[in-house]
Amino acid sequence: MSSRFRHTLAGLVVFGISACSPYAPAQRTENDLALSGFVAHPADTTARWQMMNLLPPNHLAYRMSSAGPILLYADPLACGCVYFGDRQAYQSYTAQHRQTPLQEKQMTAEINQHPGWDWSVWAPTADPAAVEARRGY
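Bear in mind the structure is a predicted one, so any value in this text is a computation, not a measurement.

Attention now moves to the packing of aromatic side chains. Under the criterion given, the structure shown has four aromatic pairs. Ring centres of F84 and W119 lie 5.8 Å apart, and the angle between their planes is 50 degrees; on these two criteria the pair is classed as tilted. In this pair, F84 sits in strand β4 (residues 81-85) while W119 sits in the loop between α5 (101-113) and α6 (128-135), placing the two residues 35 residues apart along the sequence. An identical accessibility class is assigned to F84 and W119; each is buried. Following the ring pairs from residue to residue traces out a cluster consisting of F84, W119 and W122.

Now the structure itself:
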């Protein structure tokens, strides 16, 4: 076998393996969330990890804040983080990824199962009230 053929074959194998990654769907979703205006906040403390685990993994959920509903997407495996987005980010995301009425109902039902949410464990940029206070609204 020629050296060039072996390199091409090796490249195809590596590409094929990476395409089968179990994290690939989550990474695509997270990329779309980020492009829509969601911001990732790492669950890098015990308190944040506990809060992240109150959310359904790899599904949109929301929690109420003084600024209105904040959409959340928890990814405990690929990034160990929670994506936070406001209404505008959610509208941008749903323009490309339609949410069914069932998905909307599931988001509402989920918040009724886990009403407790502690904004104080997250970075100040994750807490809408703190961001408003810093901006002087």
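The element β4 is largely enclosed, with a buried count of five among its five residues. Strand direction decides the pairing type here: strand β1 (residues 39-42) and β4, joined by four bridges, are antiparallel. Note on β4: the bridge partner recorded for P42 is C81. Summarising the sheet, strand β3 (residues 68-75) and β4 pair through five bridges and their orientation is antiparallel. Bridging from a neighbouring strand, D75 pairs with C81 of β4. Linkage of β3 to β4, two consecutive antiparallel strands, is achieved through a turn of five residues, within which G80 is found at a positive phi near 60 degrees.

So, how was this worked out
- Residues numbered from 1 in each chain as written.
- Predicted model: local features only at pLDDT ≥ 70, side-chain atom pairs only at ≥ 80, totals over all residues.
- Heavy atoms only, no water.
- Phe/Tyr/Trp six-rings, centres within 6.5 Å; stacked < 30°, edge-to-face > 60°.
- Helix = DSSP H or I, 4+ residues; strand = E, 2+ residues; numbered from the N terminus.
- Buried < 20%, exposed > 50% of the residue type's maximum accessible area, 1.4 Å probe, protein only.
- Pairing = 2+ DSSP bridges.

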